[in-house]
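Structural features, examined
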Amino acid sequence: MQDSSPPRAGAGGDIAIVGAGLAGPVAAIYLARRFGRVTVLERRRDPRRDPARVGRSLMVILSDRGWRVLRELGLEPRVRRICVPLAGRCGHLPSGDTVTTPYSRYNTPIWAVERERLHRLLLDAAQAEPGVRLHFELPVRQVDLDRPALLVGEGDSERWLSYEHMVGCDGVHSVVRAALVSRGARAHVGTLDLAYQEMVLRLPKCDRGLMHYWPAGDALFGAFPLVSSDLFAGSVFFRSQGPAPSYAAAVGGRALAEQFARCFPGLAEDIPDLAAQLETKPICAVRLTRCDRWVHGGSAALIGDACHAMAPFMGQGMNSAFEDVRTLVSCLDRERDWAAAFAEYERTRRADGDAIAEISYEHYRTMSRLPDPRQQAEEAVVQRLVNLMPDRFVPLYERCAFSQESFSSALAEDRDLRDLASCIVDRHGFAAATDLPDGRLREWAAVSPRAAV
Ligand SMILES: Cc1cc2nc3c(=O)[nH]c(=O)nc-3n(C[C@H](O)[C@H](O)[C@H](O)COP(=O)(O)OP(=O)(O)OC[C@H]3O[C@@H](n4cnc5c(N)ncnc54)[C@H](O)[C@@H]3O)c2cc1C
């Protein structure tokens, strides 16, 4: 399936991609269609040969930004066949009530797909693309930005491969980013104070057309329907450190199960093998990355988690990585040379990477938070403003999942909207959400200069 011939070294014009995770194959196809030969180097085994699951969440969400890329590559129909549409999220509150929030005001769904199936499909597509050569079990150990060349390990030996242009799709622990850092770029690699475990469970009472979540303040449980069975893929999030509920405060399957039951009482009853699953499933950290430089001249550029790994709660990590590739390629289409194109890519895209990382973390806080009267009043005012002036105020989730607009402008405008709602609640109290006449809300919106479109 994969190309077993060794990667060629040294030919002028060669493009190298480090990493064949989710973004690497997409970058390979785009670049091969424009420039011919592309060599992809991946440190892991080929997941199509190795049935053991490599990687993180069982499921990933595809939204508009991702679909646009898959459409451009001609992969949309194949991917749709392995997806399930989700119309909204259903919150299961501690009171026993449920609250369903559609993802879009127009009932447009997002799409859940099993990560490994999507990954295999993307690798197959890259493999079939003329010019693309995929090489697995070849870790890049070092990047020399001057030569430029990559030091590639092959068992006990290693050798240098030269390239002309290189794209680092090598994720959170990126060796390409490390090379930029050695040249003065400043990067932040952190771990969210949250860890998670995944489990598979049966939720017969839950609608399979929705994502389900159980907020518990300092903990959160989320579940997506699996496509290939009638089960759900669930993830429980606890803080890593600190007092209960946290992973530090509950060690071992039984203690974790008890903590789980305290946080999610109704749900625990539905998972007969809860303690066994919590005992055996790995506890995964949530990594975050930022980097203040994404490119080096015309020779190296970062994509995806290598430069903006984020909390997973908006379902935008992969979608935005795909969009990075698209942005990079459109810069290459427009600019006169690679250095100008890479500079333009960094200029237009870096603020968006930082913004979606911020939005994702804030979304976690919104989903996990227990109902709070002030926050509910502000949220209700936001909803009224959105309903009253739908062309002017667009919910943030919708802007991220169903549009191609810049994440940073979406974030800035959402902050303005929330500031406006906060002012209204300050002035009129919690009753503003229900009692304030529409006309007064319109007046507020009119005098709010920062919220003006
Ligand atoms: C729990 C969870 C849920 C998520 N859910 C969603 C979701 O619903 N929707 C969404 O859009 N995103 C989601 N994400 C984010 C998404 O998984 C990532 O943003 C996406 O995988 C980034 O793709 P990437 O190609 O940049 O990195 P990766 O997919 O991590 O790929 C990096 C690749 O580079 C390889 N590599 C690393 N170093 C080297 C080296 N030195 N030499 C060679 N190869 C190397 C790795 O082995 C790996 O294959 C989720 C993430 C998590 C943790």
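Keep in mind that this is a model prediction, so the values were computed, not measured.

1. Here's the deal with the packing of aromatic side chains
For the structure shown, the criterion picks out 13 aromatic pairs. Arranged with centres 5.7 Å apart and planes meeting at 70°, the rings of Trp 214 and Phe 221 form a pair that is edge-to-face. Members of the aromatic cluster, connected to one another through ring pairs, are Trp 214, Phe 221, Phe 238, Tyr 247, Phe 260 and Phe 264. Over the face of the ring belonging to Trp 111 we find Arg 80, whose NZ or CZ atom lies 4.6 Å from the ring centre. In this structure, Arg 89 packs its charged tip against the face of Tyr 397, placed 5.0 Å from the ring centre.

2. With respect to the pattern of salt bridges
Across all of its chains, the model carries 32 salt bridges by this definition. Between Asp 46 and Arg 48 there is a salt bridge, with the nearest N and O atoms lying 2.8 Å from each other. Judged by relative accessible area, Arg 48 falls into the buried class, the value being 15%. The salt bridge involving Arg 290 is made with Glu 358; its shortest N-O contact spans 3.9 Å. On the criterion of sequence distance, the pair formed by Arg 290 in strand 17 (residues 284–291) and Glu 358 in helix 11 (residues 338–368) is long-range, its members being 68 residues apart. One connected set of salt bridges, linked through shared partners, spans Arg 65, Glu 323, Asp 324, Arg 349 and Asp 352.

3. Overview of the sheet that holds strand 3 (residues 59–62)
On the basis of which strands lie adjacent, the open sheet formed by three strands has the order 3-7-4 and antiparallel pairing. Edge positions in the sheet fall to strand 3 and strand 4 (83–86), since each of these pairs with one other strand and no more. Strand after strand, the sheet turns through a mean of 30° between neighbouring axes, direction not considered. Of the strand pairs in this sheet, strand 4 and strand 7 (residues 110–114) are connected by four bridges, and their pairing is antiparallel. Each residue of the ladder has a partner; that of Pro 85, found in strand 7, is Trp 111. Along the sheet, helix 4 (residues 115–128) makes contact with strand 3 and strand 7, crossing strand 7 at roughly 85°.

4. Some words on the sheet that holds strand 12 (residues 165–168)
Taken in spatial order, the six strands line up as 8-2-1-12-19-18 in an open sheet, and their pairing is mixed. Looking along the sheet, the strands with just one partner apiece sit at the ends: strand 8 (132–135) and strand 18 (295–296). Pairing analysis gives four bridges linking strand 1 (residues 15–18) to strand 2 (residues 38–41), with the strands arranged parallel. Within the sheet, the bridge partner assigned to Ala 16 lies in strand 2 and is Thr 39.

5. Here's the deal with the layout of surface pockets
Taken as a whole, the second largest pocket holds about 1,300 Å³ of empty space. For the lining of the second largest pocket, the secondary structure elements donating two or more residues are strand 6 (98–102), strand 14 (210–215), helix 11, helix 12 (373–388), helix 13 (396–401) and helix 14 (407–428). Of the residues forming the lining of the second largest pocket, the biggest block, eight residues, is contributed by helix 12. Looking at the lining of the second largest pocket residue by residue, the class counts come to 17 nonpolar, nine polar and 11 charged.

6. Side note on the packing of helix 12 against helix 16 (residues 438–447)
In contact at an axis separation of 11 Å, helix 12 and helix 16 are set at 90° when each is read in the N-to-C sense. Between helix 12 and helix 16, the angle is such that the two are roughly perpendicular. Residues Val 381, Arg 384, Leu 385 and Leu 388 of helix 12 touch helix 16, and the partners they reach there are Asp 438, Leu 441 and Arg 442. The class makeup of the residues in the contact of helix 12 with helix 16 is four nonpolar, no polar and three charged.

Thresholds applied
- Residues numbered from 1 in each chain as written.
- Predicted model: local features only at pLDDT ≥ 70, side-chain atom pairs only at ≥ 80, totals over all residues.
- Heavy atoms only, no water.
- Phe/Tyr/Trp six-rings, centres within 6.5 Å; stacked < 30°, edge-to-face > 60°.
- Lys NZ or Arg CZ within 6 Å of the ring centre and 35° of its normal.
- Salt bridge = Lys/Arg side-chain N within 4 Å of Asp/Glu carboxyl O.
- Buried < 20%, exposed > 50% of the residue type's maximum accessible area, 1.4 Å probe, protein only.
- Helix = DSSP H or I, 4+ residues; strand = E, 2+ residues; numbered from the N terminus.
- Pairing = 2+ DSSP bridges.
- Axes fitted to C-alpha atoms, helices over the stretch in contact; angles between N-to-C directions.
- Contact = heavy atoms within 4.5 Å.
- 1 Å grid on protein atoms, 1.4 Å probe; cavity = no way out; pocket = protein on both sides within 12 Å on 5 of 7 lines; lining within 4 Å.
- Points joined across faces, edges and corners; volume = space filled by probe spheres on them.
- Nonpolar A, V, L, I, M, F, W, Y, C, P; charged D, E, K, R; others polar.
- Parallel < 35°, antiparallel > 145°, perpendicular 65-115°, else oblique.

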